[in-house]
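Structure at a glance
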Amino acid sequence: MQVSFDFNGIEIIFFIIMFILFSIQVFYYLYFYRKPLKYLESEEKGDVPYTDKQPGVSVIVYAKNDAEHLEVFLPSILSQNYPDFDVIVVNDGSTDETRDVVTRLESEYDNLYQTYIPDEARSLSRKKLALTIGIKAAKHDIVMLTNANCAPEGSDWLTYMMRNFVEGVDIVAGYAYIDGEGQRKRRYVAYDRLMFTLRYISYILLHKTYMAEGYNLAYRKDLFFRNKGFSKHLNLHYGDDDLFINEVATADNTRIELSPESRMVIHYENNFKAWRELKLRYDFTAAYLKTDSKFVFGFERMTVYLFYISIVLFFVYGLYYNLLFSVVSFLFWLLRFIVQVTIYRKSAKRLSSNKLFFLLPVFDLLQSVINLYYKIIGICSKSKNFTWQNL
């Protein structure tokens, strides 16, 4: 083992390849994954324009056997510090005390209403039907969508979401996170959710919106009806948020709101089970999304493995032939790790997720394998995602 600064042609080529892979990885973190952080910094500096107007808004809450959630979380929506809003709870055939809870709350809040899905609606996406009924019942020009198991972080949630409806904006995507997703046994869930979120948020900020999540999502009623609602994907149970936004979003009509006051907290009894179902759902609808993000981030995942392979090969080569190669390969890995962990931890802190450190490279390597595993499961059970299965 020796240290030499004389490289042959093959060694120079290998070094260039490793440097290119390193540069690609750093580029993704600095350009894509750091973009939400930069946006938050711009917002805090006052560089993001907002409207002072407070347009009327109808909040549509989807509920299915959510009596306990509505009892706890619905008052936080009904008591928002906002001048003009109503709340419509759409009951999707609940068999628990959902109707009784909402009826009791109706006597306390004069801006609360409820409606129902007909029991005979069997061969349709009940979630899409519920939202359509709620949107038709809305009296305001802007609708705010969420679920019964969601609670805003503060009393100014609507204020911060609605401030984004400046001229030309039809869609405002808010941020939602799973309560307790950073628990010790669920650290991978927190990692996967945050990376998933950073990807679609970065695309919104790049004016290339390809999806949003329906836990915290607002848009104009006119946009919904002009595009015939969910008619293009009535054969699918899912897609009421990602596929619809993919269809109607343009380069200029969508904004993201990331302030702490605007966030929704999602509550599940079993976070891992909920994450698994969400993952299968979004994996299925991803095939219908029109976006280059699948190629862009797919390429990133490929270069992750190529980078690690090159690091290992260079390190081993250096141990036998030239120690300088081992040192250089370790430095490349260390620099990438520093960039990765810095941006991830800052994002996790700002977006209420779990701040990982030494587990981050492990999860980074495991993600593609786990994604493949769930993709296979999804393919084997994809027929259940079609509404015709209920005929």
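Look up a bit, the structure's there.
A brief structural summary. No experiment lies behind these values; they were computed from the predicted model shown.

Criteria and cut-off values
Residues numbered from 1 in each chain as written. Predicted model: local features only at pLDDT ≥ 70, side-chain atom pairs only at ≥ 80, totals over all residues. Heavy atoms only, no water. Helix = DSSP H or I, 4+ residues; strand = E, 2+ residues; numbered from the N terminus. Buried < 20%, exposed > 50% of the residue type's maximum accessible area, 1.4 Å probe, protein only. Contact = heavy atoms within 4.5 Å. Areas by Shrake-Rupley, 256 points an atom, 1.4 Å probe, with all protein chains shown as cover. Lys, Arg positive; Asp, Glu negative; His and termini not counted. Charge placed at Lys NZ, Arg CZ, Asp CG, Glu CD. Pairing = 2+ DSSP bridges. Axes fitted to C-alpha atoms, helices over the stretch in contact; angles between N-to-C directions. Salt bridge = Lys/Arg side-chain N within 4 Å of Asp/Glu carboxyl O. Phe/Tyr/Trp six-rings, centres within 6.5 Å; stacked < 30°, edge-to-face > 60°.

As a further point, take the overall build of the protein chain. Secondary structure assignment for the protein chain yields 13 helices and 10 strands. Each principal axis of the C-alpha distribution contributes one length, and for the protein chain these read about 80 × 50 × 40 Å. Of all 391 residues assigned to the protein chain, the portion counted as buried reaches 53%. Of the contacts formed within the protein chain by residues at least 6 apart in sequence, a portion of 83% connects residues at least 24 apart. As displayed, the protein chain offers around 18,400 Å² of accessible surface, 59% of which is attributable to carbon and sulfur atoms. Put simply, the protein chain has 45 plus and 44 minus side-chain charges, and the middle of one group is 6 Å from the middle of the other.

What follows deals with the sheet that holds strand 4 (residues 142–147). Read from one edge of the open sheet, 7 strands run 3-2-1-4-8-6-9, paired in mixed fashion. Lying at the two open borders of the sheet, with one neighbouring strand each, are strand 3 (112–116) and strand 9 (254–257). Between one strand and the next, the sheet's axes are offset by a mean angle of 20°, whatever the strand orientation. Its contacts with the sheet place helix 4 (residues 98–106) against strand 1 (57–63), strand 2 (85–91) and strand 3, and it is angled at close to 155° to strand 3. Of the strands in this sheet, strand 6 (171–174) and strand 9 touch helix 7 (residues 187–205), which is tilted by about 130° from strand 9.

To continue, consider the pattern of salt bridges. Applying the stated rule across the entire model yields 17 salt bridges. Note that Asp92 is salt-bridged to Arg126, the shortest N-O span being 2.6 Å. Residue Asp92 is found in the loop between strand 2 and helix 4, and its partner Arg126 is found in helix 5 (residues 126–137); the two are separated by 34 residues along the sequence. Take Asp92: its relative accessible area is 2%, and that puts it in the buried class. Since its relative accessible area comes to 18%, Arg126 is described here as buried. The closest approach of N and O atoms between Lys232 and Glu247, which form a salt bridge, is 3.5 Å. Placement of Lys232 in the loop between helix 8 (221–226) and helix 9 (242–248) and of Glu247 in helix 9 is noted, with a sequence separation of 15 residues between them. For Glu247, a relative accessible area of 22% gives the class partly exposed.

The next thing to look at is the packing of aromatic side chains. One pass over the structure, following the stated rule, counts 43 aromatic pairs. The interplanar angle of 65° and the centroid separation of 5.3 Å between the aromatic rings of Phe32 and Phe297 together place this pair among those described as edge-to-face. Remark: Phe297 occurs in helix 11 (residues 293–320) and Phe32 occurs in helix 1 (residues 9–33); sequence separation between them is 265 residues. The same class applies to Phe32 as to Phe297, namely buried. Residues Tyr188 and Trp275 carry aromatic rings whose centres are separated by 5.9 Å and whose planes lie at 85° to one another, so their mutual orientation is edge-to-face.

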